[in-house]
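Below, each chain spelled out in residue letters.
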Amino acid sequence: MRRITPDRPWPLHGNAGSRALEARTAAALPPNALMQRAGLSVARLALALAPHAQRFWLACGPGNNGGDGLEAALHLARWGKQPLVSWLGDAGRLPPDAQAALQRVRAAGIALADAPPGAHDFAIDALLGLGSARPLEGRMAEWAERMNSGGTPVLAVDLPSGLSADTGRGGGVRATHTLSLLTLKPGLFTGGGRDAAGEIWFDDLGADLAAEPPAARLIPQPGVMARPHDSHKGRFGDVAVVGGAPGMGGAALLAASAALHAGAGRVFCALLGEPMPLVPGQPELMLRDWASLDLAAMAVACGCGGGDAVRAVLPRVLSTARALVLDADALNAVAADAALHPLLAARPARGWSTVLTPHPLEAARLLGAATQAVQADRLASAQALADRFRCVAVLKGSGTVVAAPGQVPWINPTGTAALATGGTGDVLAGLLAARLAAGQDAFEAAGQGVFLHGAAADRWPVGHSLTAGALAKALSPRASDQAGIRQGC
Ligand SMILES: NC(=O)C1=CN([C@@H]2O[C@H](COP(=O)(O)OP(=O)(O)OC[C@H]3O[C@@H](n4cnc5c(N)ncnc54)[C@H](O)[C@@H]3O)[C@@H](O)[C@H]2O)[C@@H](O)CC1
Ligand SMILES: [K+]
């Protein structure tokens, strides 16, 4: 058992993959052994998290998730703790493993209540796991609410009850900790999952994770891009930011600043609005008329603050830039104008890379779907975008998803709600362009870029408000260097 940190590309298995691994693992073990391992693991973690707690409330549901809770109660009782078991099951309809656990609990003389205890020091949510099939209601919803408002730590067994393992939708319990069993589930890391799950722990219970293909992987901490001493600015490539329609120059300048701080050799900024001779406080940025830029020789970030004006430049951008990040208004223009689609579709055959960085509303426009439909299955939505436009798709939001045709998608473990502020998307576009300019593969650049963008926010000092301009400056490789980084992704 261990706490999950981004030290490796952790494989994430959805419902079907987890069920397949469960069957495979259980088949090699004596009956009930897997659930007994699960219960022991839950009890050990509960004790480690709250060594001085006495009253452990175990809220146990009608299936095997509840069985895990019953097994945990046995251990807590053995260790001198007071297990307060509330159980919602029907003894006549229990799956075999949970049935065996129930008999063991009864044989041990542990009482089963049909309501929550009056008081407890620690709550264990074993209401629902993989079998969650509909929103919580009735007593189950009441017990979940009692856990949420109880003021104690809440350890969710396998999944916070009600949360979809595949998508991170739904939910009811908001745990402080989740112990994911057998597999790590993508739903814990994207959509509502991050808020519902709290700190994530994992016990594979002896499963061979490599036996089932993962639905996604967690982006690991990237290494520092080596910058040899014998370097010159041409080595790290040029970035051109094309955007900033009248009144929206700030977005383009934020992207350009991010590209600069992320290590691009030279950064050009082509504003589609008012001409500006120099950017105050940022003399390194070179302002140019967009038509004069040799886009074929640069990584281009297009769309930041582009407004309607960006539509006019897109045909040339799409048919000349070899490495391209399309953001914000460029995405809206592509969504609104099917005439641009063949230009986008022609890029992979020329060996050119394209990264789309939509937030959910922009993704919905590109897919011709509702935003709720995009959010209902973020992994599938990002993959649909990548497949439709033959590009790397970065679906922003809680647990950003990075997808590409034929690749296992990434889910980003970094970032906080502090990033939900104006301009941080422009910063991401500039950062990704800098990595493309350095010659990185687009899928790798996107994965590492979103990790570093989120990690910069995670490092933000408490009490200091996060602004996009300051975030751009925090992207310097030296800043992430100090976080102690190893090679990966
Ligand atoms: N079989 C085993 O040996 C193991 C099982 N494990 C546990 O088993 C879990 C999966 O067990 P199950 O497949 O029994 O599924 P669950 O225990 O998650 O729930 C299934 C039951 O809940 C009911 N249900 C679903 N949604 C409901 C709702 N909203 N309100 C009320 N009832 C609802 C279903 O009708 C079914 O009776 C995993 O998440 C994991 O915790 C793991 O510990 C590994 C070992
Ligand atoms: K649970």
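Everything numeric in this text was worked out from a predicted model, so none of it was measured.

Chemist: Where do I start with the side chain of Thr-25 in this structure?
Modeler: Locating Thr-25 in the fold gives a position in helix α1 (residues 15-27). Thr-25 sits in the buried class, given a relative accessible area of 9%. In this structure, Thr-25 is in contact with Leu-34, Leu-182, Leu-205, Gly-206 and Ala-207, ignoring residues within four places of it in sequence.

Chemist: Help me understand the sheet that holds strand β5 (residues 112-113), please; the structure alone is not making it clear to me.
Modeler: To summarise the sheet geometry, strands pair through backbone hydrogen bonds and adopt either a parallel or an antiparallel arrangement. Spatial ordering of the open sheet is given by β1-β9-β8-β7-β6-β3-β4-β5, a layout of 8 strands whose pairing is mixed. Unpaired on one side and paired on the other, β1 (2-3) and β5 mark the two borders of the sheet. In terms of strand pairing, strand β4 (residues 82-87) meets β5 through 2 bridges, oriented parallel. In the sheet register, Val-85 faces β5, and the bridge partner there is Leu-112. In the packing of helix α3 (residues 64-78) onto the sheet, contacts are made with β3 (55-60), β4, β5, β6 (122-126), β7 (154-157) and β8 (177-181), and the angle to β3 comes to roughly 160°.

Chemist: So what exactly am I meant to see when it comes to the packing of aromatic side chains here?
Modeler: The relation between two aromatic rings is expressed through the spacing of the ring centres and the mutual angle of the planes. Scanning the entire structure with this criterion turns up 3 aromatic pairs. Taking 5.4 Å as the distance between ring centres and 45° as the angle between the ring planes, the aromatic pair formed by Phe-56 and Phe-122 counts as tilted. Of the two residues, Phe-56 is situated in strand β3 and Phe-122 in strand β6; the sequence distance between them amounts to 66 residues. Each member of the pair Phe-56 and Phe-122 is classed as buried. Look at Trp-410 and Phe-443: their rings are 6.1 Å apart centre to centre, the planes differ by 25°, and that puts the pair in the stacked class. Taken as a pair, Trp-410 in strand β19 (residues 410-411) and Phe-443 in helix α15 (residues 442-458) lie far apart in primary sequence, 33 residues in all. Taking relative accessible area as the criterion, Phe-443 reaches 9% and is therefore assigned buried.

Chemist: I would appreciate a short explanation of α15 in the present structure.
Modeler: Since the α-helix turns once every 3.6 residues, residues separated by three or four places project in the same direction. The end-to-end C-alpha distance of α15 is 24 Å, a good match for the 24 Å that 17 residues give at a rise of 1.5 Å each. Its side-chain oxygen 3.2 Å from the backbone nitrogen of Phe-443, Asp-441 forms the N-cap of α15.

Chemist: Honestly, the site of ligand 1 in this entry has me stumped. Any pointers?
Modeler: Neighbouring ligand 1 are 23 residues, the closest being Asp-68, Asp-97, Gly-129, Arg-134 and Asp-158. Asp-97 places a side-chain nitrogen or oxygen 2.7 Å from an oxygen atom of ligand 1. A total of 880 Å² of accessible area belongs to ligand 1 in isolation, and the protein chains cover 84% of it. In the shell around ligand 1, the residues fall into 11 nonpolar, 6 polar and 6 charged.

Chemist: Looking at this model, I keep getting lost on the layout of surface pockets. Mind explaining?
Modeler: Taking a probe equal in size to a water molecule and rolling it over the atoms shows the remaining empty space. If you add up the space inside the largest pocket, you get close to 740 Å³. Lining the largest pocket are 33 residues; nearest its centre among them are Gly-63, Asn-64, Asn-65, Gly-129 and Gly-131. Of all elements in the fold, only α1, α2 (33-49), α3 and α5 (138-148) reach the threshold of two or more residues within the lining of the largest pocket. Among the elements that take part in the lining of the largest pocket, α1 stands out by supplying 4 residues, more than any other.

Chemist: Explain the pairing of β6 here, please?
Modeler: When a strand is regular, its side chains alternate between the sheet's two faces. Counting buried residues along β6, 5 of its 5 residues qualify, which places the element largely inside the surrounding structure. Of the two faces of β6, both are covered, the one formed by Phe-122, Ile-124 and Ala-126 as well as the one formed by Ala-123 and Asp-125. Looking at chain direction, β3 and β6 are connected through 5 bridges and run parallel. Bridging across to β6, Ala-59 finds its partner in Asp-125. Pairing geometry for β6 and β7, over 3 bridges, is parallel. Bridge pairing links Ile-124 to Leu-155 in β7.

Rules used in this analysis
- Positions within a chain are numbered from 1, following the residues in the order the chain's sequence is written.
- In the order they appear in the text, chains get letters beginning with A and ligands get numbers beginning with 1.
- In keeping with the model being predicted, local features are shown solely for residues with a pLDDT of at least 70 and side-chain atom pairs are shown and tallied solely at 80 or more, while totals for entire chains, interfaces and linings include all residues.
- Think of the side-chain values as coming from all heavy atoms in the structure, minus any hydrogens and water.
- Strands are runs of DSSP state E lasting at least 2 residues, helices are runs of H or I lasting at least 4, and numbering of each runs from the N terminus.
- Classification of residues uses two cut-offs on accessible area relative to the type maximum, computed with a 1.4 Å probe and protein chains only: under 20% is buried, over 50% is exposed, and between them is partly exposed.
- Throughout, a residue-residue contact means that at least one pair of heavy atoms, one from each residue, lies within 4.5 Å.
- Any two strands between which DSSP finds at least two bridges are classified as paired.
- Lines fitted to C-alpha atoms define the axes here, with helix axes fitted over just the stretch in contact, and angles between the N-to-C directions of these axes take values from 0 to 180 degrees.
- Here the aromatic set is Phe, Tyr and Trp, taking the six-membered ring for Trp, and pairing holds for ring centres within 6.5 Å; pairs whose planes are under 30 degrees apart are stacked, those over 60 apart are edge-to-face, and all others are tilted.
- Working rule for helices: expected span equals 1.5 Å times residues minus one.
- Polar contacts, as used here, are pairs of N or O atoms within 3.5 Å; protein pairs need one atom able to donate a hydrogen and one able to accept it. Residues neighboring in sequence count only if both atoms are side-chain atoms.
- We call a residue near a given molecule or strand whenever any one of its heavy atoms falls within 4 Å of it.
- Surface exposure here means Shrake-Rupley accessible area, sampled with a 1.4 Å probe, where a residue is shielded only by the protein chains that are shown.
- Think of it as three bins: nonpolar holds Ala, Val, Leu, Ile, Met, Phe, Trp, Tyr, Cys and Pro, charged holds Asp, Glu, Lys and Arg, and polar takes everything else, Gly as well.
- Grid spacing is 1 Å over the protein atoms alone, the probe is 1.4 Å, and a cavity is where that probe fits but cannot get out, while a pocket is an open set with protein on both sides within 12 Å along at least five of seven lines and lining residues have an atom within 4 Å of a point.
- Grid points are joined across faces, edges and corners, and a volume is the space filled by probe spheres set on the points.

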